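# Descriptive analysis of the structure
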Amino acid sequence: MKTEKVMEREEIETMPMEPLSPMSHMLSSPNFFIVITFGFKVRCNPSAFVEGINNSLINAPRFSSKMEIDYKRKGDPVWIPVKVRVEDHVIEPDLEYSNIENPDQFIEDYTSNIANIPMDMSKPLWEFHLLNIKTTKAESLAIVKIHHSIGDGMSLMSLLLACSRKTSDPDALISNTTATKKPVDSMAWWLFVGFWFMIRVTFTTIVEFSKLMLTICFLRDTKNPLMGNPSDGFQSWKVVHRIISFEDVKLVKDTMNMKVNDVLLGMTQAGLSRYLSSKYDGSTAEKKKILEKLRVRGAVAINLRPATKIEDLADMMAKGSKCRWGNFIGTIIFPLWVKPENDPLEYIRRAKATMDRKKISLEAFIFYGIIKFTLKFFGGKVKY
C-alpha cells in the first residue's frame, strides 16, 4: 500500500502542472461552484450521457484535470491532468419515484442539498446528477455541479453550444450569429468618432474607478435585510426554481431596444425592491422613504475575452487544440435601484443606463488587474 502511494506521488510530480489563472485562484475554495439544471422532453439515458461526455467534454483540459496544491509555488493550486472514469461523475440516485408526491418541491430540495455540499477536490471538479422524474415542465432532469475554477459562465455556455448539434443534421454545429459592422462614411468621421469615444472612455473610467476605490475603502451598503451577519458563520442555501418566458424577455428587449441582460437586471432590481418593501413595517409612504435612502450594490461579472467561436471549442474537444478557456472575467460594482416605482419598466431603463455607463469604462479590466497584482505579490492567502 505504501509503495502504491509513493508511485502515485511520483506520477503526480512528473505530470505537467499548469497554474490557475488569477480569477480561478480566487475561486479555488471547495464552496465556489455552479449548479445548473437542465430539463428534457424525454427520459435520461445514463449510458448515452457517459458516451457523449467521453466524446466531448472529457477532451476539454479542465474536465480531465484535478486541482492540487503545489508547495513549490508558495502553496498555490495548479491543474494536473489525470485519467478520468466518466461513470464516477455521472450519478443516478436510487430513488423511489412513485413515492414522491410533489416532484417540483423534491427537485428544489435535491438541488439545495447539492448546493450545500462542498466540492470533492480529490477528483476532477464536475458531476452530473440524472433524475428520471417528471415535473410540471420536464420529463427528466440533469443537475450539473461544476466548480467555478473550471470556467466562467461564458466559457461553460460556449462549451455547451459546442457540444450541441442541429436536429436536422446531427453532425453539424448549431449556427452562431455574429454582429455585422456598419460601414464608415469617411476617414474624418471615423477619426472624430474615435477621438470622442476615447474622451468618454477616459472620463467614465476615472469616475467609475473613483467610485470603486471609495467602495473598497470607505463606502458600505446601508444595513438592510439582504445583508448577512458574519458572526452567523456559513449559512445553508435554499434553491427555489422559478421559470420565466424567454419570449417575454425578448419582447421587452426588442420593444425597448435593449439587451437581454438589461431586462434581466431590471427584473432583479424590481424583485429586490418588492422584497425589501415587504421586510419593513409601516405605511406605503414610510416604506418608500426607507427604500429611497438605501444604498444597495451588487457585483456583476463581466466577460473580458473576445468572442470565442463555437468551432474553436468543438476543435478543442475533438483534437485537443488550444483556445482561451477558464475564468477571464472582471467585476463591476453595480448600484441597485430599489426605490419604489409605479412604472415597472423604469427598473429596466435604470439598469440599461447604468450598464451602458459601466461598459464604456475600464472598471472591469482594472478590477481584474488589481486581483492579478494582489495574488502575484502577496500570494493566495490574501483572498482569505
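Residues numbered from 1 in each chain as written. Predicted model: local features only at pLDDT ≥ 70, side-chain atom pairs only at ≥ 80, totals over all residues. Heavy atoms only, no water.

You'll find the protein chain entered in an unreviewed UniProt entry as O-acyltransferase WSD1 C-terminal, with Arabidopsis suecica given as the organism. According to its UniProt record, the protein chain has this under Sequence similarities (unreviewed entry): "In the N-terminal section; belongs to the long-chain O-acyltransferase family." (UniProt positions renumbered as here; feature names shortened; annotations may be inferred.)

### Focus: the environment of Val78
Within the secondary structure, Val78 sits in strand E4 (residues 76-81). A residue is classified by how much of its surface remains accessible, and Val78, at 1% relative accessible area, is buried. Between the C-alpha atoms of Val78 and Glu18, which are 60 residues apart in sequence, the distance is 5.4 Å. (Helix = DSSP H or I, 4+ residues; strand = E, 2+ residues; numbered from the N terminus. Buried < 20%, exposed > 50% of the residue type's maximum accessible area, 1.4 Å probe, protein only.)

### Considering the nonpolar core
Counting 27 residues, the largest nonpolar core has Ile53, Phe63, Val86, Trp126, Phe128, Ile146 and Ile150 as the members making the most contacts within it. For this core, the elements supplying multiple residues, two or more each, are strand E2 (33-40), helix H3 (46-55), strand E6 (126-131), strand E7 (140-147) and helix H5 (153-163). Residues in contact with Phe128, not counting those within four places in the same chain, are Phe49, Ile53, Leu57, His89, Val90, Ile91, Ile143 and Val144. (Core = buried A, V, L, I, M, F, W, Y, C linked by side-chain atoms within 4.5 Å. Contact = heavy atoms within 4.5 Å.)

### Some points on the environment of Leu57
Along the chain, the position of Leu57 falls in the loop between H3 and strand E3 (65-70). The exposure class assigned to Leu57 is buried, which follows from its relative accessible area of 11%. In this structure, the C-alpha to C-alpha distance between Leu57 and Ala162, residues 105 residues apart in sequence, is 9.7 Å.

### Overview of the sheet that holds E3
Taking strand neighbours across the sheet as the criterion, the three strands line up as E1-E4-E3 in an open arrangement whose pairing is antiparallel. Whereas interior strands pair on both sides, the edge strands pair on one side only; in this sheet they are strand E1 (18-19) and E3. Two strands pair when backbone bridges link them, and E3 and E4 are joined in this way by six bridges, in the antiparallel orientation. Counted as the bridge partner of Lys66 is Ile80 from E4. (Pairing = 2+ DSSP bridges.)

### Regarding a nonpolar patch on the surface
Taken together, the side chains of Trp189, Phe192, Val193, Phe195, Trp196 and Ile199 define a hydrophobic patch exposed on the protein surface, amounting to about 670 Å² of accessible area. The residue Trp189 is located in helix H6 (residues 187-217) in this model. On the accessibility criterion, Trp189 (46% relative accessible area) is partly exposed. (Patch = residues over 30% accessible without salt bridge, like charges linked within 9 Å, V, L, I, M, F, W, Y side chains within 5 Å. Areas by Shrake-Rupley, 256 points an atom, 1.4 Å probe, with all protein chains shown as cover. Salt bridge = Lys/Arg side-chain N within 4 Å of Asp/Glu carboxyl O.)

### Regarding unusual backbone geometry
Here Asn257, not a glycine, exhibits a phi torsion of approximately 55°, which is positive. Mapped onto the fold, Asn257 is located in the loop between helix H7 (246-256) and helix H8 (260-279).

### Focus: the UniProt feature "transmembrane region" (unreviewed entry) in the protein chain
Within this structure's numbering, the places UniProt gives as "transmembrane region" (unreviewed entry) are residues 187-207. Secondary structure within residues 187-207 divides into 100% helix and 0% strand; the distance between the first and last C-alpha atoms comes to 30 Å.

### Considerations on the side chain of Asn224
Along the chain, Asn224 falls in the loop between H6 and H7. Of the residues examined, Asn224 reaches a relative accessible area of 7% and is grouped as buried. For Asn224, the side chain forms a polar contact with the main-chain nitrogen of Leu226, separated by 2.8 Å. Aside from chain neighbours lying at most four places away, what touches Asn224 is Leu276, Tyr280, Leu294 and Val296. (Polar contact = N/O pair within 3.5 Å; in protein donor to acceptor, adjacent residues only side chain to side chain.)

### A short note on the layout of surface pockets
In this structure, the second largest pocket occupies an estimated 890 Å³ of space. The wall of the second largest pocket is formed by 22 residues, among which Met26, Ala299, Thr331, Ile333 and Phe367 lie closest to the centre. Elements with a minimum of two residues in the lining of the second largest pocket: helix H2 (22-26), H6, strand E8 (297-303), strand E9 (329-335) and helix H12 (363-378). Per-element tally for the lining of the second largest pocket: the top contributor is E8, with four residues. Its residues assigned to classes, the lining of the second largest pocket shows 15 nonpolar, three polar and four charged. (1 Å grid on protein atoms, 1.4 Å probe; cavity = no way out; pocket = protein on both sides within 12 Å on 5 of 7 lines; lining within 4 Å. Points joined across faces, edges and corners; volume = space filled by probe spheres on them. Nonpolar A, V, L, I, M, F, W, Y, C, P; charged D, E, K, R; others polar.)

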